[in-house]
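Structural features, examined
What follows is the residue order along each chain.
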Amino acid sequence: MSKRRALVSVSNKEGIVEFVQQLTQQGFEVVSTGGTKKALQEAGVPVIGISEVTGFPEILDGRVKTLHPNIHSGLLAMREREEHRQQLAEHNISTIDLVVVNLYPFKETIAKPDCTFEDAIENIDIGGPSMLRAAAKNHNHVTVVVDPKDYQIVLDELSNEQDVTVETKRRLAAKVFRHTAAYDALIAEYLTEAVGEAEPETFTVTYERKQGLRYGENPHQKATFYKKPLADESSIASAVQLHGKELSYNNIHDADAALAIVKEFSEPAVVAVKHMNPCGVGTGESIEQAYGRAYEADPVSIFGGIVAANREIDEATAVKMKDIFLEIIIAPSFTQEALTVLTAKKNLRLLTVPMTKQEQPEAMLTSIHGGLLVQDEDHFGLDDATLTIPTDRKPTDAEWEALKLAWKVVKHVKSNAIVLTNGQMTVGVGAGQMNRVGAADIAINQASERIEGAVMGSDAFFPMGDTVELAGKAGVTAIIQPGGSIRDEESIEMANKYGIAMVMTGVRHFKH
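As a starting point, this report considers the structure included with it. What you see is a predicted model; the values in this text were computed from it and never measured. (Residues numbered from 1 in each chain as written. Predicted model: local features only at pLDDT ≥ 70, side-chain atom pairs only at ≥ 80, totals over all residues. Heavy atoms only, no water.)

Below, the discussion takes up the overall build of the protein. Scanning the protein from N- to C-terminus turns up 18 helices and 20 strands. With the C-alpha coordinates of the protein rotated into their principal frame, the extents come out at 95 × 55 × 45 Å. Summarising the internal contacts of the protein: among those between residues at least 6 apart in sequence, 55% fall at separations of at least 24. Carbon and sulfur atoms make up 50% of the accessible area of the protein, which totals about 25500 Å². (Helix = DSSP H or I, 4+ residues; strand = E, 2+ residues; numbered from the N terminus. Contact = heavy atoms within 4.5 Å. Areas by Shrake-Rupley, 256 points an atom, 1.4 Å probe, with all protein chains shown as cover.)

Now for the sheet that holds strand β16 (residues 418–421). Ordered in space as β17-β16-β18-β19-β20, the 5 strands form an open sheet in which the pairing is mixed. Whereas interior strands pair on both sides, the edge strands pair on one side only; in this sheet they are β17 (426–430) and β20 (501–504). Neighbouring strand axes in the sheet, compared pairwise and without regard to direction, differ in orientation by 15 degrees on average. Here strand β19 (residues 478–481) runs beside β20; their pairing, made up of 4 bridges, is parallel. From the neighbouring strand, Ile480 faces β20, where its bridge partner is Val503. (Pairing = 2+ DSSP bridges. Axes fitted to C-alpha atoms, helices over the stretch in contact; angles between N-to-C directions.)

A separate point is the pairing of strand β14 (residues 363–368). With 6 bridges connecting them, β14 and strand β15 (residues 371–376) associate as antiparallel partners. Its bridge partner being in β15, Ile368 is matched across the sheet by Gly371. The turn joining β14 and β15, which pair antiparallel and follow one another in sequence, is formed by 2 residues; a positive phi near 85 degrees is taken by Gly370.

With that out of the way, let us pick up the pattern of salt bridges. Taken as a whole and judged by the stated rule, the model has 17 salt bridges. A salt bridge links Glu490 to Arg487; the nearest nitrogen and oxygen atoms lie 2.7 Å apart. Within this structure, Asp147, Asp150 and Lys175 form a network of salt bridges that share partners. (Salt bridge = Lys/Arg side-chain N within 4 Å of Asp/Glu carboxyl O.)

You can see Glu399 is positioned in helix α15 (residues 397–410). Side-chain polar atoms of Glu399 contact the backbone nitrogen of Thr396, separated by 2.9 Å. Not counting residues within four places of it along the chain, the set of residues in contact with Glu399 comprises Arg393, Lys394, Val455, Thr477, Ala478 and Ala501. (Polar contact = N/O pair within 3.5 Å; in protein donor to acceptor, adjacent residues only side chain to side chain.)

Okay, a nonpolar patch on the surface next. A cluster of nonpolar residues, Phe203, Val205, Tyr207, Tyr226, Leu372 and Val374, forms a patch on the protein surface that exposes about 520 Å² of accessible area. Within the fold, Leu372 resides in strand β15. (Patch = residues over 30% accessible without salt bridge, like charges linked within 9 Å, V, L, I, M, F, W, Y side chains within 5 Å.)

Further remarks concern the packing of helix α1 (residues 16–25) against helix α9 (residues 151–161). Here α1 crosses α9 at 10 degrees, and the two axes come no closer than 11 Å. One element, α1, and the other, α9, form an angle in the roughly parallel class. Two packed elements cross with a definite hand, and for α1 against α9 that hand is left-handed. For the pair α1 and α9, the contacting residues are Ile16, Phe19, Gln22 and Leu23 in the first and Tyr151, Val154, Leu155 and Leu158 in the second. (Parallel < 35°, antiparallel > 145°, perpendicular 65-115°, else oblique. Left-handed = near helix turned anticlockwise from the far one by under 90°.)

Our next topic: the sheet that holds strand β5 (residues 143–145). Spatial strand order, β3-β2-β1-β4-β5: 5 strands in an open sheet with parallel pairing. Each edge of the open sheet is held by one strand with a lone partner, namely β3 (48–49) and β5. Looking at chain direction, strand β1 (residues 4–9) and strand β4 (residues 98–101) are connected through 4 bridges and run parallel. Residue pairing for β4: Ser9 is matched across the bridge by Val101.

In the structure shown here, the tally under the stated rule is 6 aromatic pairs. Ring geometry for Phe106 and Tyr183: centres 6.4 Å apart, planes at 65 degrees, overall edge-to-face. Of this pair, Phe106 sits in helix α6 (residues 106–110) while Tyr183 sits in helix α10 (residues 166–194), and the two are 77 residues apart along the sequence. Summarising the burial analysis for this pair, Phe106 and Tyr183 share the class buried. By the ring-pair criterion, three or more aromatic residues cluster together here, those being Phe106, Phe117, Tyr183 and Tyr190. (Phe/Tyr/Trp six-rings, centres within 6.5 Å; stacked < 30°, edge-to-face > 60°. Buried < 20%, exposed > 50% of the residue type's maximum accessible area, 1.4 Å probe, protein only.)

Looking now at the nonpolar core. Formed by 42 residues in total, the largest nonpolar core has its most connected members in Ile236, Phe265, Ile328, Ile330, Leu351 and Val409. Among the elements of the structure, α11 (249–262), β9 (269–274), β11 (305–309), β12 (326–331), α15, β19 and β20 are those that each provide at least two residues to this core. Leave out the neighbours within four places in its chain, and Ile328 touches Leu247, Asn251, Ala255, Gly305, Ile306, Val307, Leu348, Arg349 and Leu351. In terms of nonpolar packing, the next biggest core, distinct from the first, is built from 28 residues, Val99, Val101, Leu103 and Ile187 among them. (Core = buried A, V, L, I, M, F, W, Y, C linked by side-chain atoms within 4.5 Å.)

Taking 1.5 Å of rise per residue, 12 residues should cover 16 Å, and helix α16 (residues 436–447) covers 17 Å from first to last C-alpha, within 8% of that figure. By the burial criterion, the buried members of α16 are Arg436, Ala439, Ala440, Ala443, Ile444 and Ala447. Within α16, the buried residues cover an arc of 130 degrees as seen down the axis, which keeps them to one side. Its side-chain oxygen 3.3 Å from the backbone nitrogen of Val437, Asn435 forms the N-cap of α16. Just downstream of α16, Ser448 is the residue with a positive phi angle, here 55 degrees. (Expected span 1.5 Å × (residues − 1). Arc of directions from axis to C-beta.)

Let's shift gears to the packing of helix α4 (residues 69–76) against helix α8 (residues 127–137). Their axes nearest at 8 Å, the elements α4 and α8 cross at an angle of 25 degrees. With respect to α8, the element α4 is oriented roughly parallel. Across the interface between the two elements, Ile71, His72, Leu75 and Leu76 of α4 pack against Ser130, Met131, Ala134, Ala135 and Lys137 of α8.

Attention now goes to the environment of Pro229. With respect to the element layout, Pro229 can be found in the loop between β7 (224–227) and β8 (240–243). A relative accessible area of 14% means that Pro229 is categorised as buried. Note: C-alpha distance between Pro229 and Leu348 (119 residues apart in sequence) is 28 Å. Residues contacting Pro229, with those up to four places away along its chain left out, are Lys107, Leu186, Thr206, Tyr207 and Glu208.

Bringing the pairing of β9 into the picture now. Burial analysis of β9 places 5 of its 6 residues in the buried class, the great majority of the element. Bridge analysis of β9 against strand β10 (residues 277–283) gives 6 bridges, and the strand direction is antiparallel. Within β10, the residue paired with Ala269 across the bridge is Thr283. Taking the residues between adjacent antiparallel strands as the criterion, β9 and β10 are bridged by 2 residues, where His275 takes a positive phi near 50 degrees.

Shown next as structure tokens:
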């Protein structure tokens, strides 16, 4: 019986020497390439060079070394077929029983700030995926390992059964195809962006498992949390959890919403979110003051909410936060004193996220039954808008500050959306209503006596003057809205009737 043969070629050399040493103890001869061969030889492991198998040198700076019939015939031969065995014998080709390969570090290369296009291209592996795919296709006869975490599984089965079981070979083969698919998807995404292709004929993306979740939106739904391979560090996907129980599916959605809103602000700001809508937003000279205003904005809805702050949480703020039930607190950091206060609550989740702006907007992916919708993120702000003021009265400086706050927040409220603010906090939020008057009515009722002198933000135009009339009667003094209705004049006339200053941005902010 011929000796079993393993082909080993890895860029990630974690645990490879120990693994191969145990393979040789179980009777495998080892074929290897380049740096892997050198590492094994230095450890005293007997190794056959790839050129000894192919009868051809590694050429073109190592670009061509394993792409050879002597390798791929050994991988793809079906051992039960007599004609395959005869052809191997005729050409003096040995079968390969075990393949251990992982690929050039393409992801790590493009993650470097100084990565050039040429660097990226040179880190596209060709021979590695070819060997992996060949071995995985022929997994009935070839064990293929792409992940160092699987080394021990293979060794255990070889030790106990003298061979790897068909079930394990199949699982490892499936993992290989996931691995090569993800690898190719990342390359395709990089090159597609590099050439500026806006709507490619196919859309392939890859994500990496971050954690399993207990369930989805409801306990009867299964769910898993995946992150982008190069996720923005200021995202929930990259957040560091300091304390508390595991995040749930709904926690992650709400935390993402809270983070998106609080990153709109440069001044100290705190956002409280329930069911992906802000229930309170406050700004101030300190994060303690901002939290106080976010709490006052809606002290009922904040209970059980998710809170995000864009400054470090200090002890004074932590003491106030501890007084109510919160699910999550997100901040760039916590002082040690604040941690001492907040970690006394066993289940309270504390997350740190750097509050930096994303340099480039990401594509937003929304699955529908049988399909996928892809769109740009909504990063349009007032600095990008061409503002017009069609009313007789212009906003005062104080109203301008309140209008800016309203516009930053209303963008993140589910449509139809109305937000009422003063210069420092939200005082009323109407979210997700089937008509704009209904959203305004909710926001006005929530604001109650705080409505006097407040301003209104609307995510889309007013189809008629009724919402403006409702605002005027309630005491709203200024409104910011996109404009663009064929009946804009009705809203303008109604604003003039009540002395309301109205700003039109020309851009709507629907959020479904």
